[in-house]
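Structural characterization, general
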Amino acid sequence: MADQAAQSCRARCDDLQQGRGAASQPADIELTLQIANWQLIAGAFGAGACMHARAHLISLICELAAAQGLTDFDVGRIFAAGDSLSLRLPGRMRAGSECQDDLLSELPVALCFAAALRPYTYLGHSIHIALSPHPVRAWRVVSESGSGAVATAHDAAAPHLCGIAAGGAGLPDDPDARRCRSDMAEASKLLGMVAADQLVLAWQAVCATSDMWEVLYYEGLLRAAGQGAGNSAPTVAIRALERMDLVRILDVHVVGKVLDQLEADPSIVLAANISARSATLDHWWLEIGRRLGARRDLARRLVIEITETAEISASRATAFADRLRSLGCRIALDDFGVGFASVRRLLTLSPDIVKIHSLFVRRASLSERDGQVLAHIIGLARAIAPLVVVEGIETDDQCKLAESAGSAWFQGNHGGPPPMVRSWVSQPESHKVRALLRFRDAAVAGSAGRAVL
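Residues numbered from 1 in each chain as written. Predicted model: local features only at pLDDT ≥ 70, side-chain atom pairs only at ≥ 80, totals over all residues. Heavy atoms only, no water.

**Focus: the overall build of the protein**
The helix and strand inventory of the protein stands at 15 helices and 15 strands. A fraction of 73% describes how many contacts in the protein between residues 6 or more apart in sequence connect residues 24 or more apart. Accessible surface for the protein amounts to roughly 19,100 Å². Of this, 53% is attributable to carbon and sulfur atoms. (Helix = DSSP H or I, 4+ residues; strand = E, 2+ residues; numbered from the N terminus. Contact = heavy atoms within 4.5 Å. Areas by Shrake-Rupley, 256 points an atom, 1.4 Å probe, with all protein chains shown as cover.)

**Quick look at a nonpolar patch on the surface**
Taken together, the side chains of Val343, Leu347 and Leu380 present a nonpolar region at the surface, about 220 Å² in accessible area. Mapped onto the elements, Leu347 comes out in helix 11 (residues 343–349). (Patch = residues over 30% accessible without salt bridge, like charges linked within 9 Å, V, L, I, M, F, W, Y side chains within 5 Å. Salt bridge = Lys/Arg side-chain N within 4 Å of Asp/Glu carboxyl O.)

**Topic: the packing of aromatic side chains**
Overall, the coordinates contain two aromatic pairs when judged by the stated rule. Relative to Trp284, the ring of Phe113 has its centre 5.0 Å away and its plane inclined at 50°; by these criteria the two rings are tilted. Residue Phe113 is located in helix 4 (residues 101–117), and its partner Trp284 is located in the loop between strand 10 (270–275) and helix 8 (286–294); the two are separated by 171 residues in the primary sequence. (Phe/Tyr/Trp six-rings, centres within 6.5 Å; stacked < 30°, edge-to-face > 60°.)

**Quick notes on the pattern of salt bridges**
Opposite charge on two side chains permits pairing when their charged atoms draw close. Inspection of every chain in the model, using the stated rule, returns 19 salt bridges. The partner of Arg118 in a salt bridge is Glu63, and the shortest N-O contact between them spans 2.9 Å. Taken as a pair, Arg118 in the loop between helix 4 and strand 4 (120–122) and Glu63 in helix 3 (residues 47–67) lie far apart in primary sequence, 55 residues in all. The partner of Lys355 in a salt bridge is Glu219, with the nearest N and O atoms 3.0 Å apart. Of the two residues, Lys355 sits in strand 13 (residues 353–356) while Glu219 sits in strand 9 (residues 215–224), which places them 136 residues apart along the sequence. A relative accessible area of 0% places Lys355 in the buried class. Here Glu219 falls in the buried class, since its relative accessible area comes to 4%. (Buried < 20%, exposed > 50% of the residue type's maximum accessible area, 1.4 Å probe, protein only.)

**Digging into the packing of helix 5 (residues 175–195) against helix 6 (residues 235–243)**
For the pair helix 5 and helix 6, the least separation of the axes is 8 Å and the interaxial angle reads 115°. Taken as a pair, helix 5 and helix 6 cross one another with a handedness that is left-handed. Residues Arg179, Asp183, Glu186, Ala187, Leu190 and Leu191 of helix 5 touch helix 6, and the partners they reach there are Val236, Ala237, Ile238, Ala240, Leu241 and Arg243. (Axes fitted to C-alpha atoms, helices over the stretch in contact; angles between N-to-C directions. Left-handed = near helix turned anticlockwise from the far one by under 90°.)

**Details of helix 3**
Its 21 residues give helix 3 an end-to-end C-alpha distance of 31 Å, which sits within 8% of 30 Å, the value for a rise of 1.5 Å per residue. Following helix 3 by one or two positions, Gly69 adopts a phi angle in the positive range, close to 80°. (Expected span 1.5 Å × (residues − 1).)

**Focus on the nonpolar core**
Leu131, Leu246, Leu250, Val258, Leu292, Ile304 and Ile356 are the most contacted members of the largest nonpolar core, which has 112 residues in total. Setting aside residues up to four positions removed in sequence, Ile304 forms contacts with Val255, Ala272, Ile274, Phe320, Leu324, Arg330, Ile331 and Ala332. In terms of nonpolar packing, the next biggest core, distinct from the first, is built from twelve residues, Val206, Tyr217, Ala271 and Ala332 among them. (Core = buried A, V, L, I, M, F, W, Y, C linked by side-chain atoms within 4.5 Å.)

**Notes on helix 5**
Counted at 1.5 Å a residue, the expected span for helix 5 with its 21 residues is 30 Å, and the 30 Å between its end C-alpha atoms agrees. Those residues of helix 5 that sit buried are Ala177, Cys180, Arg181, Asp183, Met184, Ala187, Ser188, Leu190, Leu191, Met193 and Val194. Capping the start of helix 5 is the job of one residue whose side-chain oxygen sits 3.2 Å from the backbone nitrogen of Asp176: Asp174. Immediately beyond the C-terminal end of helix 5, within one or two residues, lies Asp197, with a positive phi of roughly 55°. (Polar contact = N/O pair within 3.5 Å; in protein donor to acceptor, adjacent residues only side chain to side chain.)

**As for the side chain of Thr307**
Structurally, Thr307 is set in strand 11 (residues 302–307). Only 3.1 Å separates the side chain of Thr307 from the side chain of Asp334, close enough to count as a polar contact. Dropping the residues within four chain positions of it, Thr307 is found in contact with Asn273, Ile274, Ser275, Ala276, Asp334 and Asp335.

Okay, here's the thing in structure tokens:
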């Protein structure tokens, strides 16, 4: 999904290679990386931890540069300015390579994953770095003296990393700092499981309220390897990842696992849940975008559920959703009614599916007023999305409540606890095909509805 940046850079490289734009040598490329959780690290662990973060990143950058086969790259090409790092990459970075567009895609992704999954230790704490790549810019080589030295306006404001002192020791002791350290510890446990591939998915069906054997799709629910079907998701750790700006790597990991399952079964429809913080187009999603672009049959059977447990940019989320839809995916808005999602955002995002939070069906049986609230929120969702799912259905009575309130689909343990195995393999083929055809028709209806809006 970062193809536009690479294409723009490729065009500028071509201009320079062919003498359009002033250079007889290939242009240098400056890649800027921002430490997205810089302030969080500083607040929780102190300024010294930030200096260690820079030193750790230098080590990772040099290691990955060597692994990527870069030539003529050393630590002298790394610069810092506040929470940002700039890598000045030489014009010809690989033997026989005329342009570095492939590396411009590979290196930022590798750096992002390495920084998140390979923590550094500071005063006994494991600290993970969240990197955010900025758009790549081409820079020409200034060689009036024949020395080939690189000169840009950035140099004066960017002291070389090797000259930065480590800073003082000691940990802040205010409540916010202690909470952030606790969050980092929780996040570190979960990221360690990601790195060790110790996370698995349990599969919970979205079923028809009129016939629970009719399954629309299955959502992959995150579990630790070795847990039983009844165990819950590591919600505390996931929320800590969100607060520490590290949830992106988990979401990309989960979507990748769901795609693996789609490849294993050419008929099923599956869903992956991601945080609203991950719903933005950047290098993190590059490999997923490539897989979906190469296999549109997978994209057509993938539902991306966005859970708005954190505030997000409406424009970024909409661009993210539109890009995935253009590949063939469907978009669901999860936990509607209790998160950050507003009616305005619901209209802007125009999801294919709206999932109503379980709170509303739990309360619906308490009073006539609460029952009307459930019906009204389902009615609102149906006015915008072709498919509405009520979550948290545990009993037959709740299922009937959801159906009478206007929802054709439900999700919850009433349809059975989520197993770790692919339960759909034993599902009657007639039901599976019927549900898939209905889902296809719903997607067509959704497209028509968006055109009207």
